[in-house]
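Residues per chain, in single letters:
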Amino acid sequence: MSTGTKLQQGIREHLGQFSLHVLLVFATGLTIGSERAVVPVLGRDVLGVESLFVIGSFVVSFGFVKALLNLYAGKWGEEYGRKPVLVLGWATALPLPLILIFAPSWGWITAGNVLLGINQALTWSMAINAKIDLAGPDQRGLAVGIDEAFGYSGVAVGAWVTGAIAGRWSLRPEPFYFLAVVVVLAFLISIFLIRETVQYAQAEGDDDHHDANLPFNEVLKRATYGDRTLFAAAQAGHIENFVDTLFWIAVPLYLTSQGLGIAAVGVVVGVHSAMYFLQIATGGLADRIGRRPPVIWGMFLAGAGVLGMVLVDGYLPWVVLAAVSGLGMALLYPNLMTVPGDAAHPSWRSAGMGVYRMWRDSGYGVGAILIGLSMEFVNAAAAFYVTAVLMFVSGAVVVVWMEETHPDFGTHEPPAPATAPSAQAVSED
């Protein structure tokens, strides 16, 4: 697309809109965090679910729905703009508090998490793309770091607040009154205060470049297996979400089985997620030293923290190791997502990041199945061992295959130039 005037990018230049998107991604984190400490225990202690694998089913539904919607959210964000997709994402979350409050059986919780998956895919995808649109290429790592830091700080606060509410009153309905307020306010902000940002991405690209305007199916191939670096990032993103899933399913059940109260469990889960706030620093760090080193350090550190949690006993050691695994996630999480942002042409960057996020968040579903089966047929500790080993193996793949993608000193080269598609081919896809 050719724009006659150059649109100015930069976080400072768009501080008002950038800050609103930060607030909204914090609300996105609050929404999912409100389930973290409370819902697994709700299933076991209130709804009478005895199977640990069945309890994990609500994360399976969430993960696969979010993964699929991530894939299309990026595509829709290119076609229709960021704001309509963002508003739709918050609209889908409006029934969720009512479902959690009144669900008569676990099947209702699992079905309700389909709405949560849609909400998280659409709102978080558009939040990160809007921030990248506004920030520009020179502050891409910082923008992603800020996005993920505030999003996962929201997860931490949501887990802590709802855990504290449940500890003072009950597992429901009180914790989900808080969730209802968050969802309604975010929906109203998205409608009345947010402005469109897709024009900044369109102005950033050169339509004459050989890699511009790839059809969606070509973007899917490129970001999945056509580029070895993007494959390494996608598989690492997939496995890293096993850690997030572990803290959602296994950690609350394991710690309560060890005698820890629900309020203290909320603190442990919250501390892990709170470490993600450091993504502001780790995203900025990657702008200076590259994406690859923080990703490698993060994969092995997060795996070590997870492994350590079943090798120690006691509230404080669990808090410390939850923080260690959270620090590892803070190092790798934003910088893995910046890799497809670096490697993609601006004309298909949102779609490319959607493909990455699809593979990453399908890790919730696959991870929930493996973690649930490990708990069901071995014990809760087995889920920690499985997750840690997979993190170490995935980290090794990153070491071997992922090249540096930083635009200033990267070593990554995209595959052989694609044949420029015709305008007809692009429009049809």
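Residues numbered from 1 in each chain as written. Predicted model: local features only at pLDDT ≥ 70, side-chain atom pairs only at ≥ 80, totals over all residues. Heavy atoms only, no water.

## Comments concerning the overall build of the protein chain
- The helix and strand inventory of the protein chain stands at 20 helices and 0 strands.
- Over its C-alpha atoms the protein chain spans a radius of gyration of 21 Å, differing by no more than 12% from the 22 Å that the globule rule assigns to 429 residues.
- Based on the C-alpha atoms only, the size of the protein chain along its principal axes is roughly 65 × 45 × 35 Å.
- Taken over 429 residues, the protein chain has a buried fraction of 62%.
- Put simply, of all contacts in the protein chain between residues at least 6 apart along the chain, 87% involve residues at least 24 apart.
- Between the centroid of the 22 positive side chains of the protein chain and the centroid of its 32 negative side chains there is a distance of 4 Å. (Helix = DSSP H or I, 4+ residues; strand = E, 2+ residues; numbered from the N terminus. Rg over C-alpha atoms; globule rule 2.2 N^0.38 Å. Buried < 20%, exposed > 50% of the residue type's maximum accessible area, 1.4 Å probe, protein only. Contact = heavy atoms within 4.5 Å. Lys, Arg positive; Asp, Glu negative; His and termini not counted. Charge placed at Lys NZ, Arg CZ, Asp CG, Glu CD.)

## Some remarks on helix α18 (residues 349–377)
- For α18, built from 29 residues, the straight-helix expectation of 42 Å at 1.5 Å per residue is met to within 8% by its first-to-last C-alpha distance of 42 Å.
- Most pronounced at V366, the bend in α18 amounts to some 25 degrees.
- Here α18 lies mainly inside the structure; 22 of its 29 residues are buried. (Expected span 1.5 Å × (residues − 1). Bend = angle between axes of the 7 residues up to and from the residue.)

## Quick word on the confidence of the model for the protein chain
- In the predicted model, the protein chain carries a mean pLDDT of 85, and 93% of its residues have values of at least 70.
- Taken together, the stretch residues 417–429 has pLDDT below 50 and engages in 16 contacts with residues farther than four places along the chain or on a different chain. (pLDDT = per-residue confidence, 0-100.)

## Things to note about a nonpolar patch on the surface
- Together, F53, V54, L373, F377 and V378 give the surface a local cluster of nonpolar side chains, amounting to about 460 Å² of exposed area.
- The set of elements that each furnish at least two residues to the nonpolar patch consists of α3 (52–55) and α18.
- In this structure, F53 sits in helix α3. (Patch = residues over 30% accessible without salt bridge, like charges linked within 9 Å, V, L, I, M, F, W, Y side chains within 5 Å. Areas by Shrake-Rupley, 256 points an atom, 1.4 Å probe, with all protein chains shown as cover. Salt bridge = Lys/Arg side-chain N within 4 Å of Asp/Glu carboxyl O.)

## Here we look at the nonpolar core
- If you look at the biggest cluster of nonpolar residues, it comprises 120 residues, and the most contacted ones within it are W90, W248 and F384.
- Apart from residues lying up to four places away in sequence, F384 is in contact with L246, A250, V251, Y254, V306, M309 and V310. (Core = buried A, V, L, I, M, F, W, Y, C linked by side-chain atoms within 4.5 Å.)

## Structural notes on the environment of A281
- As for its position among the elements, A281 is in helix α15 (residues 279–289).
- Classification of A281 by relative accessible area gives partly exposed; the value is 48%.
- Taking the C-alpha atoms as reference, A281 lies 9.6 Å from G141; in sequence the two are 140 residues apart.

## Thoughts on the side chain of N241
- Mapped onto the fold, N241 is located in helix α12 (residues 228–248).
- Side-chain polar atoms of N241 contact the side chain of Y333, separated by 3.2 Å.
- Excluding residues that lie within four positions of it along the chain, N241 makes contacts with Y333, R360, D361, G363 and Y364. (Polar contact = N/O pair within 3.5 Å; in protein donor to acceptor, adjacent residues only side chain to side chain.)

## Points about helix α4 (residues 57–80)
- Between its first and last C-alpha, α4 extends 33 Å over 24 residues, near the 34 Å set by a 1.5 Å rise per residue.
- N70 marks where α4 bends most, by close to 25 degrees.
- Taken from the residues just after α4, G81 is the one with a positive phi, measuring 100 degrees.

## So, the packing of helix α1 (residues 15–36) against helix α7 (residues 106–135)
- In the contact formed by α1 and α7, the axes pass within 10 Å of each other and the chain directions differ by 155 degrees. Classified by the angle between their axes, α1 and α7 sit roughly antiparallel to one another. Where α1 crosses over α7, the two elements pack in a sense that is left-handed. Facing Q17, F18, H21, V22, V25, T28, T31, I32 and E35 of α1, the residues of α7 in contact are N113, L116, N119, Q120, T123, W124, A127, A130, K131 and L134.
- Considered class by class, the residues forming the contact of α1 with α7 number 9 nonpolar, 8 polar and 2 charged. (Axes fitted to C-alpha atoms, helices over the stretch in contact; angles between N-to-C directions. Parallel < 35°, antiparallel > 145°, perpendicular 65-115°, else oblique. Left-handed = near helix turned anticlockwise from the far one by under 90°. Nonpolar A, V, L, I, M, F, W, Y, C, P; charged D, E, K, R; others polar.)

## Observations concerning unusual backbone geometry
- In this structure, P173 follows R172 across a cis peptide bond, with omega equal to 10 degrees.
- Position of P173 relative to the elements: it lies in the loop between α8 (140–168) and α9 (174–192).

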